[in-house]
Amino acid sequence: MSHQTPLGTSVPHTSCLDLWREKNDQLVRQAKVAQDSGLSLRRQQLAQDALEGFRGLLHSLRGLPAAVPVLPLELTVTCNFITLKASLAQGFTEDQAQDIQQGLERGVPQTRSTFVTFGLLQKEKSRDEVPTSAVCLSSTVLETQKKLGPRLECGLRGLWDSVLHYSTLLLEVLPALHHLAGLQAAIWLSTDCLGDLTFLLQTLNGNQSEASENLLLLLKTWSPPAEESDVPLTLQDARGLRDILLTASAYRQGLQELITGSLPRALSSLQEAASGLCSRPVLVQVYTALGTCLRKMGNPQRALLYLAAALKGGSTCGPPLLEASRLYRQLGNTAAELESLELLVEALNVTHSFEAPQLLIEVELLLPRPHPASPLHCGTQSQAKYLLASRCLQVGRAEDAAEHYLDLLALVLDGSESKFFPPPSPPGPCMPEVFLEAAAALIQAGRAQDALTVCEELLSRTSSLLPKMPQLREDARKGTKESPHCPSWVSATYLLQGQAWVQLGAPKEAISEFSRCLELLFRTTPKDEEQGPASNGEKECISDVALQQLRAAALISRGLQWVTIGQDTKALQDFLLSVQMCPGYQDASFHLLQTLRRMDRRHEATALWWRLKAQTELPQENAAWSLPLYLETYLDWIHSPDRETLLEEFQTSLPEPPDL
């Protein structure tokens, strides 16, 4: 009696299977030799040769009709090929997803009559001798085939559902299928297809209900079948891949929770990641994120421990140094903060030699690149240099700030970095404002002549963008945005040039620069006066407030120079205008009070004094807006230092307050 083999299960000669399996094992051993090779060129060549070998072997296997006995080997070769290709490319591509899909599509038809076929082969019985139970099961399998079509219409997700649903009939294929599923999970995790990943893990765990959608819990629950000792060799088994996925998922989840402010959950997820399989660069990132989380939770000492561990963990010191500077700033330790920023600048200036990656799927392949707003993004050398320079200026280290700003300008202008991008968090200034901050730092450090040079450089780069005055009036009338014409930058440049001339003892030149500044500023209409409230409220409001403060600063500065040359009447006009421009700006009022007193205009001075005294007794509200750093620095220069003394002197000689 003849034996019949159903369609789709024809088996190649045993010797072919043995040769293909031997070829697979040889290529796996070759890849491992490449991994252990210390010579980068030899390592690359061996790995590429192994990759081409897997490609050719897979082509041979897929050149024949799909057969169940060959399926475990074919899926294993597919997994080895994808693993090696992704590790060499340091990322996944669409080709690897297609390789997975092709492997699944070849495997699905084999579930249709597999159980009956192998029942016959194992028992070596003819069709007439098939047991009743096998016939009944055959009927069941044939019925399930009718449902296969709709499942496959759902795409790759439906394909996995079908394969895993029917693969219980193929126990010998399960280890290879779970391995392939691990690679699919890696691709979906790296591309943020978390819904598909959750569905796949639920299916692998035999639970497609929505009761559990926690990725970490699903990964911990997933238990890939243990591989037998006689199966084809793999570069990375399913359980090792599962552990990598667990670490990467925990880290990604913790980082996202950290960014969104879910700090306790972020701490738990990041600690889970730290306890997993991490290379040294990844461990540095995890420890840095833990330091950030603990700092935000108000636990600076534990944060310092993690940051110290991060700095010891590898050559990638940028992120922990930047986070250390934030922590020291929060603690008020300015010296340590600036030292951390100096080390950050040095670290970003050093070219590090990174270790060759393992020829495996590692955590790094599953992580996104740090977003500019992420606490792990340390930026470029110029961005770090800017942070250092600006902090020195803010804390009063003018000499250091001046040197750092000059270094930064040289770094950008000589082409060492093609373009300066402002630090994203907190939002940094554009390049013209860096020039203005540099000029302010030089003036603060007593280097007025150098400040004039920086201002002239800025004017040479921006004056061509400044339209003629009729153009400005026309733009203001039409409500055209003024930023392309940069009048505020040019105005601020004139303002700083005027202050540099003040420092050089040249009041007439200073008055000329202040007048140029005011001429341009008064031809620039605030957006809210012409266009009403801005759509993005806060940002536009800040711009208008800065413009008003800039006008007031220029008026006060020119008024002070009028006082210097004995022109009190002209000084009085400027101080009055500055009070009108910024009614709540007390420095303008104090300068006006001093001028009225000097001109012996007692009644006006008395009325103003009572207003100032009433204002000083009111609780001061914190401003909801911020000013550019160069303007904040400038306003400190024209701040009236003897307010209290002036008020006390008036208090002893003034009559009762008049009716205002």
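Residues numbered from 1 in each chain as written. Predicted model: local features only at pLDDT ≥ 70, side-chain atom pairs only at ≥ 80, totals over all residues. Heavy atoms only, no water.

**Quick notes on the environment of Ser460**
Piece 1. Relative to the assigned elements, Ser460 resides in helix 20 (residues 448-462).
Piece 2. Given a relative accessible area of 48%, Ser460 falls into the partly exposed group.
Piece 3. At 2.6 Å, the side chain of Ser460 and the backbone oxygen of Glu457 are in polar contact. (Helix = DSSP H or I, 4+ residues; strand = E, 2+ residues; numbered from the N terminus. Buried < 20%, exposed > 50% of the residue type's maximum accessible area, 1.4 Å probe, protein only. Polar contact = N/O pair within 3.5 Å; in protein donor to acceptor, adjacent residues only side chain to side chain.)

**Focus on a negative patch on the surface**
Piece 1. On the surface, Glu339, Glu342, Glu346, Glu399 and Asp400 cluster together to form a negatively charged patch.
Piece 2. Elements with a contribution of two residues or more to the negative patch: helix 16 (334-348) and helix 18 (398-413).
Piece 3. For the negative patch, the element with the most residues is helix 16, which contributes three residues.
Piece 4. Along the chain, the position of Asp400 falls in helix 18. (Patch = residues over 30% accessible without salt bridge, like charges linked within 9 Å, V, L, I, M, F, W, Y side chains within 5 Å. Areas by Shrake-Rupley, 256 points an atom, 1.4 Å probe, with all protein chains shown as cover. Salt bridge = Lys/Arg side-chain N within 4 Å of Asp/Glu carboxyl O. Lys, Arg positive; Asp, Glu negative; His and termini not counted. Charge placed at Lys NZ, Arg CZ, Asp CG, Glu CD.)

**Some thoughts on the nonpolar core**
Piece 1. Core analysis: the biggest nonpolar cluster contains 84 residues, and Tyr405, Leu495, Leu496 and Tyr585 have the highest contact counts within it.
Piece 2. In this structure, Leu75, Leu156, Leu189 and Val363 belong to the second largest nonpolar core, which totals 65 residues. (Core = buried A, V, L, I, M, F, W, Y, C linked by side-chain atoms within 4.5 Å.)

**Here we look at the environment of Ala34**
Piece 1. With respect to the secondary-structure elements, Ala34 resides in helix 1 (residues 14-36).
Piece 2. Through-space distance from the C-alpha of Ala34 to that of Leu46 is 5.4 Å; in sequence the pair is 12 residues apart.

**Details of the confidence of the model for the chain**
Piece 1. In the predicted model, the chain carries a mean pLDDT of 80, and 75% of its residues have values of at least 70.
Piece 2. Here residues 115-153 is modelled with pLDDT under 50, and outside its nearest four sequence neighbours on either side it reaches 38 contacts, counting other chains as well.
Piece 3. Considering only residues more than four positions removed or in separate chains, one finds that residues 468-473, a stretch of pLDDT under 50, has six contacts. (pLDDT = per-residue confidence, 0-100. Contact = heavy atoms within 4.5 Å.)

**Quick word on the packing of aromatic side chains**
Piece 1. Applying the stated criterion across every chain yields a total of three aromatic pairs.
Piece 2. Plain terms: the ring middles of Tyr287 and Tyr306 are 5.6 Å apart, the flat faces sit at 45° to each other, and that makes the pair tilted. Taken together, the residues Tyr287 in helix 13 (residues 280-296) and Tyr306 in helix 14 (residues 300-312) connect sequence positions 19 residues apart.
Piece 3. Centroid distance Tyr386 to Tyr405: 6.4 Å. Interplanar angle 70°. Geometry classified as edge-to-face. Placement of Tyr386 in helix 17 (residues 381-394) and of Tyr405 in helix 18 is noted, with a sequence separation of 19 residues between them. Accessibility assignment for this pair places Tyr386 and Tyr405 in one class, buried.
Piece 4. If you follow Arg157 out to its NZ or CZ, it ends over the ring of Phe199, 4.3 Å from the centre. (Phe/Tyr/Trp six-rings, centres within 6.5 Å; stacked < 30°, edge-to-face > 60°. Lys NZ or Arg CZ within 6 Å of the ring centre and 35° of its normal.)

**What about helix 12 (residues 263-274)?**
Piece 1. For helix 12, which comprises 12 residues, the first-to-last C-alpha distance of 16 Å matches the rise-based estimate of 16 Å (1.5 Å per residue) to within 8%.
Piece 2. Taken residue by residue, helix 12 has Leu263, Ala266, Leu267, Ser269, Leu270 and Ala273 as its buried positions.
Piece 3. Where helix 12 is buried, its residues contact helix 10 (215-221), helix 11 (238-260) and helix 13. (Expected span 1.5 Å × (residues − 1).)

**A look at the pattern of salt bridges**
Piece 1. All chains considered together, the criterion is met by 22 salt bridges.
Piece 2. Taking the shortest distance from any N to any O, the salt bridge between Arg447 and Glu403 comes out at 2.7 Å. Placement of the pair is Arg447 in the loop between helix 19 (431-444) and helix 20 and Glu403 in helix 18, with a sequence separation of 44 residues.
Piece 3. Glu403 sits in the partly exposed class, given a relative accessible area of 39%.
Piece 4. A cluster of three or more residues bridged by salt bridges with shared partners is formed by Arg62, Glu74, Asp99 and Arg106.

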